[in-house]
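Next come the chains, spelled out residue by residue.
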Amino acid sequence: MFFTDVINEGAVAFRKEAFLGTGGYWPPLFIYHEGMDLSLRLLEREVKLLYSPGVSVRHQFPRKENRNDALYRNYIRNALWVCLRNYPPSMAGTAMIRAFLLYAFSAFRAGRTASFLLGFQEGLFGASRALATRRPIRGRTASLIRRIRRERPTFLSRVRKY
């Protein structure tokens, strides 16, 4: 078991008061990144996020023909909104560039560039909605996130493992 800075929205358990204290999930993030958004608000409230590899969860996800399109559209849109809602300027730019490059590459490789571009457009047009609910994390929370991320296995060690 170890501390983490992000939860997987499909396989998570909360203390009720911690979840309700954040206001819960932000509805526009229905699929993809709602866990990241909630994680940032939980960390801001000094809730410790623990990952336990010994716990197994089965998450059933409806199979639909257009799931891949929704994935590439929603990933970039929601990543932009999470950055705008939660990150201070010092973190938002880097996080948005990283998300853009990662999801653009993934969508291009999967032949879903049009879905990605639609999601990016929706993210830009919906920016005012995200900014209207903006509550950026404080420096203390940003420092905690950096500390947790420094303890993660390196990219190369993960590649070697798999």
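Structure's up top.
A brief look at the structure comes next. Note that the structure is a prediction, hence the values are computed from the model and not measured.

So, how was this worked out
- Residues numbered from 1 in each chain as written.
- Predicted model: local features only at pLDDT ≥ 70, side-chain atom pairs only at ≥ 80, totals over all residues.
- Heavy atoms only, no water.
- Axes fitted to C-alpha atoms, helices over the stretch in contact; angles between N-to-C directions.
- Helix = DSSP H or I, 4+ residues; strand = E, 2+ residues; numbered from the N terminus.
- Parallel < 35°, antiparallel > 145°, perpendicular 65-115°, else oblique.
- Contact = heavy atoms within 4.5 Å.
- Nonpolar A, V, L, I, M, F, W, Y, C, P; charged D, E, K, R; others polar.
- Phe/Tyr/Trp six-rings, centres within 6.5 Å; stacked < 30°, edge-to-face > 60°.
- Buried < 20%, exposed > 50% of the residue type's maximum accessible area, 1.4 Å probe, protein only.
- Lys NZ or Arg CZ within 6 Å of the ring centre and 35° of its normal.
- Salt bridge = Lys/Arg side-chain N within 4 Å of Asp/Glu carboxyl O.

Now for the packing of helix α4 (residues 89–110) against helix α5 (residues 113–125). Each pair of packed helices can be summarised by the angle the axes make with each other and by the distance between the axes. Running from N to C, α4 and α5 cross one another at 150 degrees; their axes reach a closest spacing of 7 Å. Taken together, α4 and α5 sit at an angle that is classed as roughly antiparallel. The residues of α5 that touch α4, namely those facing F100, Y103, A104, A107 and F108, are T113, F116 and F120. Its residues assigned to classes, the contact of α4 with α5 shows seven nonpolar, one polar and no charged.

Before going further, it helps to examine the packing of aromatic side chains. Following the criterion strictly, the structure yields 10 aromatic pairs and no others. Between F14 and F19, the aromatic rings sit 5.0 Å apart at their centres with planes inclined by 35 degrees, giving tilted as the arrangement. Residue classification places F14 among the partly exposed residues on the basis of a relative accessible area of 30%. Between F19 and Y25, the ring centres sit 5.5 Å apart and the planes meet at 65 degrees, which makes this aromatic pair edge-to-face. For Y25, a relative accessible area of 31% puts it in the partly exposed group. Over the face of the ring belonging to W26 we find R85, whose NZ or CZ atom lies 4.3 Å from the ring centre.

Looking now at helix α2 (residues 34–44). Counting buried residues in α2 gives 11 out of 11 residues, a clear majority hidden from the surface. All of the buried residues in α2 are E34, G35, M36, D37, L38, S39, L40, R41, L42, L43 and E44. The positive-phi residue at the C-terminal boundary of α2 is E46, with phi of around 65 degrees.

Locating S115 in the fold gives a position in helix α5. Setting aside residues no more than four positions away along its own chain, S115 makes contact with D69, Y72 and R73.

It is worth spelling out the pattern of salt bridges at this point. Taken as a whole, this structure holds nine salt bridges when the rule is applied. Between D37 and R85 there is a salt bridge, with the nearest N and O atoms lying 2.9 Å from each other. Taken together, the residues D37 in helix α2 and R85 in helix α3 (residues 67–86) connect sequence positions 48 residues apart. Under the relative-accessibility criterion, D37 is labelled buried at 0%. Residue class for R85 comes out buried when judged on its relative accessible area of 3%.

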